[in-house]
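Residue strings, one per chain:
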Amino acid sequence: TMATTRTFLVLFSLACSLSLCICDDESNYGGGEGNLFPGFYRSSCPRAEEIVRSVVAQAVAREARMAASLMRLHFHDCFVQGCDGSLLLDSSGSIVTEKGSNPNSNSARGFDVVDQIKAALENECPGTVSCADLLTLAARDSSVLTGGPSWMVPLGRRDSRSASLSGSNNNIPAPNNTFNTILSRFTNQGLDLTDLVALSGSHTIGFSRCTSFRQRLYNQSGNGSPDITLEQSYATNLRQRCPPSGGDQTLSELDINSAGKFDNSYFKNLIENMGILNSDQVLFSSKEESSELVKKYAEDQEEFFEQFAESMIKMGNLSPLTGSSGEIRKNCRKINS
């Protein structure tokens, strides 16, 4: 029995050191920025990922478009102060919400689904899972639920206690930006050309508002002429849905072939000059290096999926708050009082 106890202790300490190795190893996953790692909630909230997946699945079943909306929230969050849940804060006290910025106003959506996920997580393990992590997981689940790739999400982000309206206005690429402007907004975040092309592939799902592509139909260069690079019959089709004025919020599919399915037809569309946004089409028309990537992903969906997963992990690792920085919000819309 003394021997049994000793054996148990030896085995126990071995198991401990092994689990430490696993964690240390995991913290290097995806660059190990700020020590994020996939098993972060393994003991503090083992069902966290399952809960997020379940609420996202219900939301996407109610409205297929929600997958794209949740993925976009994660992107618009990460490009401002890093992936810190700052986009989710409403205005209050000294906080001016990012929801009112040009890229988000009248278009960022899915905040109610985030609230539902957060409520379910708080019910299961109060004060444990950050809003920033919840968004990152919801983006991955949105990919999987629409037929896209899956990946292990490094976790352990904490939530910011501030927002940046100016950062939201200045950092997020706009649909009518030039190729160089879009690329510089990515490189400013530590993301490269390959990340830009792969992440733009998320436009294989979801919709765009008329106001985001109207200028291509009527006034591309400020001279009253349409964008001649837009395929003619497609342009005619779009004009019927998007008049020169009015109908700003009218939606058109970002990927005319399969707006609800995460696949590589977005890239095939670009080769046919049928990217709806200027920011999509310039990936094929502006630079040889990016057009080669477009062709590669159009030919090989597996290659696109692999790079998309890798680039999403890289984007998710942008300047996370970890350790004792930030907080774990109880309500994603406001800082803890």
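The structure this text deals with has already been given above.
Given the structure is predicted, the values throughout are model-derived calculations rather than measurements.

Q: How would you summarise the environment of Lys-295 if you had to cite specific residues and measurements?
A: For Lys-295, the position within the fold is in helix α13 (residues 288–299). Classification of Lys-295 as partly exposed rests on a relative accessible area of 32%. In this structure the C-alpha to C-alpha distance between Lys-295 and Ile-271, which are 24 residues apart in sequence, comes to 7.4 Å. Once residues within four sequence positions are removed from consideration, Lys-295 is found in contact with Ile-271 and Phe-284.

Q: Help me get a handle on the state of the cysteines, residues and values and all.
A: Under the criterion given, the structure shown has four disulfides. Each disulfide pairs two cysteine sulfurs, and for Cys-78 the partner residue is Cys-83, the sulfurs being separated by 2.0 Å. Handedness here is read from the sign of the S-S torsion; for Cys-78 and Cys-83, about 115 degrees, the answer is right-handed. Note on accessibility: Cys-78 and Cys-83 belong to one class, buried. Between the sulfur of Cys-210 and that of Cys-242 lies a disulfide, 1.9 Å long from S to S. Every disulfide takes its handedness from the sign of the S-S torsion; for Cys-210 and Cys-242 that torsion is 70 degrees, giving right-handed.

Q: Give a description of the pattern of salt bridges that names residues and reports values.
A: Taken as a whole, this structure holds 18 salt bridges when the rule is applied. In this structure, the salt-bridge partner of Asp-141 is Arg-140, at a minimum N-O distance of 2.9 Å. Note on accessibility: Asp-141 and Arg-140 belong to one class, buried. Several salt bridges converge on common partners, so that one network encompasses Asp-90, Lys-99, Asp-115 and Arg-333.

Q: Can you explain unusual backbone geometry? Please cite residues and give values.
A: One non-glycine residue, Gln-81, lies in positive phi territory at about 65 degrees. Its location among the elements puts Gln-81 in the loop between α3 (66–78) and α4 (111–124). Of note, the phi angle at Ser-319 is positive, near 35 degrees, even though the residue is not glycine.

Q: I'd like a rundown of the side chain of Ser-279, residues and numbers included.
A: With respect to the secondary-structure elements, Ser-279 resides in helix α12 (residues 278–285). When near neighbours in sequence (up to four residues on either side) are disregarded, Ser-279 contacts Ala-174, Pro-175 and Ile-182.

Rules used in this analysis
- Residues numbered from 1 in each chain as written.
- Predicted model: local features only at pLDDT ≥ 70, side-chain atom pairs only at ≥ 80, totals over all residues.
- Heavy atoms only, no water.
- Helix = DSSP H or I, 4+ residues; strand = E, 2+ residues; numbered from the N terminus.
- Buried < 20%, exposed > 50% of the residue type's maximum accessible area, 1.4 Å probe, protein only.
- Contact = heavy atoms within 4.5 Å.
- Disulfide = S-S within 2.5 Å.
- Salt bridge = Lys/Arg side-chain N within 4 Å of Asp/Glu carboxyl O.

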